[in-house]
Every structure is written in C-alpha cells, then in structure tokens.
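Secondary and tertiary structure notes
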Amino acid sequence: MNLQQLKVFVHVVEMQKLYLVADKLNITQPTVTFHLNKLQDDAGVALFHTKTYHVIKLTEAGKSLYHYAAQMVALNEEMLRTLEEQRGTASRRLRIGSTHTPATYILPELLSKVRQEHQLFLSIDVKPAAQILDKIKHYDLDVGVISLAEPDDTDFIYEPLMKDDLVIIFHPDHFLAARTNITSKDLAGLPIIAHERGSTSRQLIDQWAANNDIQFTEVMESSGSEALKSMVRLNMGIGMVSQASILQELVKGELKSCSIPDWNPVRTIYAVRHRNKLLTPSLNLFWRMLIESFNSRIK
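Let me begin by describing the structure that accompanies this report. Position numbers for residues count from 1 along each chain, tracking the sequence in the order it is written. Only residues with pLDDT of at least 70 are given local features in this predicted model, and only at 80 or more are side-chain atom pairs given and counted; all residues enter the totals for whole chains, interfaces and linings. Each side-chain value is derived from all of the structure's non-hydrogen atoms; neither hydrogens nor water enter the calculation.

**With respect to the pattern of salt bridges**
Threshold: Just to be clear on terms, a salt bridge is a Lys or Arg side-chain nitrogen sitting within 4 Å of an Asp or Glu carboxyl oxygen. Counting from the N terminus, the helices are DSSP H or I runs at least four residues long and the strands are E runs at least two residues long. Throughout this description, buried means an accessible area under 20% of the type-specific maximum (1.4 Å probe, protein chains only), exposed means over 50%, and partly exposed covers the range between.
Counted according to the given criterion, the structure contains 18 salt bridges. Residues Glu 221 and Arg 197 are paired through a salt bridge, measuring 3.7 Å at the closest nitrogen-oxygen approach. Of this pair, Glu 221 sits in strand E7 (residues 217-222) while Arg 197 sits in the loop between strand E6 (191-195) and helix H9 (200-211), and the two are 24 residues apart along the sequence. Accessibility expressed as a relative area gives 39% for Glu 221, which makes it partly exposed. The class for Arg 197 is exposed, based on a relative accessible area of 58%. A salt bridge links Lys 229 to Glu 249; its shortest N-O distance comes to 3.0 Å. Of this pair, Lys 229 sits in helix H10 (residues 225-233) while Glu 249 sits in helix H11 (residues 247-252), and the two are 20 residues apart along the sequence.

Structure follows, in structure tokens:
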C-alpha cells in the first residue's frame, strides 16, 4: 500500500461519496475505485462491508487502518506545508482552534495585531475543547487556545495563560464594591442575573449555592454572557461570569468583580500544541505573541 491509496481511503471514509473524493483529489471516480481495490488487495483483508462502495461502512480491520492512515496522511500534508513555508513558496498560514471564551473576548485583538504586523493568513475554528484537542492531535490545527479543567494528555504541550473560572460581577456603585472581604453571607438574598438553566455555568453555580446554603433573588435569566453583563452594568443585580469575559469592562471601570467565596477553581485557559509538531517560524511567532499578550492582560 502507498500513500496515494491511503489518502484516497481516508477521504472516502470521511466524505462517504466516491465522486466527492474524485473532485477533491482531481482524479476520476474509477481511479478512486482502483485505489480502494488495490489497498484491500495489499492489506489482505476486507476493509469495507460492501464491494461496490455505494455504502461506506468499515470493517474492524478498516477501522484499525483508518486510525493510522488518517495520521499518516495528516503528517504528510503537515510535512509538505512546512517545506513550502521553509522555501517561502507558500502563503504564511496558521490554523488556530479556540473555545468560545478566548475566541470571543481575548483572541480578536491579538489576531488583528498578528495579521497587521506579520501578514499571516489566520483561520480560527471555534469548538469545544475536546474537539480542538482532537484536531491538534491529528494535525488539522496548528495551535489551540482552550478552557480546560485538567490537562492530562502527554501528546500535547500546555502553557497556562490565565484562570478562566467564574467570578462575581457587580456595578461599581454596588455596596459590594466597598467590601474588601466578601463572604457567602454577604451574597445571601441578593438580586442576581442568572445563567440559563442547564448551562454548565448555571450547574456549577447552583451546586456551589447548595453547598454553601445560599439563596439568591433571581430577577432575570440570560442565555448569553453579553446580555448578562449588560444587565449588571445597569445595576439590576449581581452576576457570575467567566473571568476572561470581563477584562475590558474591568479596565474601563464599567464593572467590578471579586472571587466567589469558598469556590473550588475549575478551569484554566491554556495554549496547546502537539508535542511532536515542528515549531515553524509562523507557529513560533504566534505562540510567543500569544503568551506575551496574556501576560500583559493579566498585569
């Protein structure tokens, strides 16, 4: 079996239609079929449950081969991109993955700076952390900026950037702004703009409130952090949001914040890259600017 056969195989599994693979690889559909047949002959075992490929359903052997073939194809494409960049023949491109909070509140300013100062072509994929990590592992993304509770995969290099836990926010004229040490008792009965029921943040807050025997007066429920912050800016009540989502409001003096009493930290924002991925000039540049950007925001 050769790399072209594996590439055809991987695309067929992922795209499910032979004509789509033919279009993508600029070959004919009979050529796609030829490569699949030759691959099965070389493998010496059936990879698909059907002979006609009208329905793409892998056997156990096919699933095992796909696991390795996908990585080999991705590594080959990564190798070619790296060589092109080193030769200076490719546009300088960086593929970034991010979870919602950093993508919305932190990365845009940095991405604009990177683009303007270094003319990198940037793409950003906003997905849950697990999906971002999976794409980095398969070399579909160059780097990730994700909110994560506990890094536990040795395939990655993790650089902690800042805490991304929930904090209490309130209007600068709120009586809490004058308190230097806010306790759970200070919060009992206060009007609160709550997250929607069923959200991760709401579940964490409800569990904390139950553990500390705290009840709030819920005056509004919001499914979005921006709307929640707007209500708090109007002094309608307190709120609890991601620390990373209020950096600008804190700098402008539009909101005040404090830690949640007796709260166990849950999440941190990490920069993540594959341990075995070559640190190209573009990736090295972005990685360095990313860490410097977070350090300056924290200070």
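**Re the packing of aromatic side chains**
What counts, and what does not: Here a Phe, Tyr or Trp ring, Trp counted by its six-membered ring, pairs with any other such ring whose centre lies within 6.5 Å, and the pair is stacked when the planes are under 30 degrees apart, edge-to-face when over 60, and tilted otherwise. Two limits define a charge over a ring: the Lys NZ or Arg CZ must be within 6 Å of the ring centre, and within 35 degrees of the ring normal.
This model, assessed by the stated rule, comprises five aromatic pairs. For the pair Phe 156 and Tyr 158, a centre-to-centre distance of 6.0 Å together with 75° between the ring planes defines the contact as edge-to-face. Like Phe 156, the residue Tyr 158 is buried in the burial classification. Consider the rings of Trp 208 and Phe 216, whose centres lie 6.3 Å apart with planes at 25°: the pair is stacked. Residue Phe 216 is classed as partly exposed on the basis of its relative accessible area of 21%. Taken together, the ring pairs connect Phe 9, Phe 48 and Tyr 53 into an aromatic cluster. Here the guanidinium or amino end of Arg 273 rests over the ring plane of Trp 287, the centre of that ring lying 4.6 Å away.

**Description of the sheet that holds strand E10 (residues 268-274)**
To be explicit about the condition: Strands were regarded as paired on the criterion that DSSP finds at least two bridges between them. Lines are fitted to the C-alpha atoms to define the axes, a helix being fitted only along its stretch in contact, and any angle between axes, read from their N-to-C directions, falls within 0 to 180 degrees. We call two residues contacting when some pair of their heavy atoms lies within 4.5 Å.
Taken together, the five strands give an open sheet; going across it, the order is E2-E1-E3-E10-E4, and neighbouring strands pair in mixed fashion. With partners counted over all chains shown, the strands left at the sheet margins are strand E2 (121-126) and strand E4 (156-163), one partner each. Pairs of neighbouring strands in the sheet enclose a mean axial angle of 20°, with direction left out of account. Judged from the three bridges that link them, strand E1 (residues 93-98) and strand E3 (residues 143-148) form a sheet pairing that is parallel. If you follow Ile 96 over to E3, its bridge partner there is Val 143. With respect to the sheet, helix H6 (residues 107-118) is in contact with E1, E2 and E3, its orientation differing from that of E2 by roughly 160°.

**Considerations on the pairing of E1**
Across the six residues that make up E1, a large majority, five, are buried. Bridge count for E1 against E2 is six bridges, and the pairing is parallel. Within E2, the residue paired with Gly 97 across the bridge is Asp 125.

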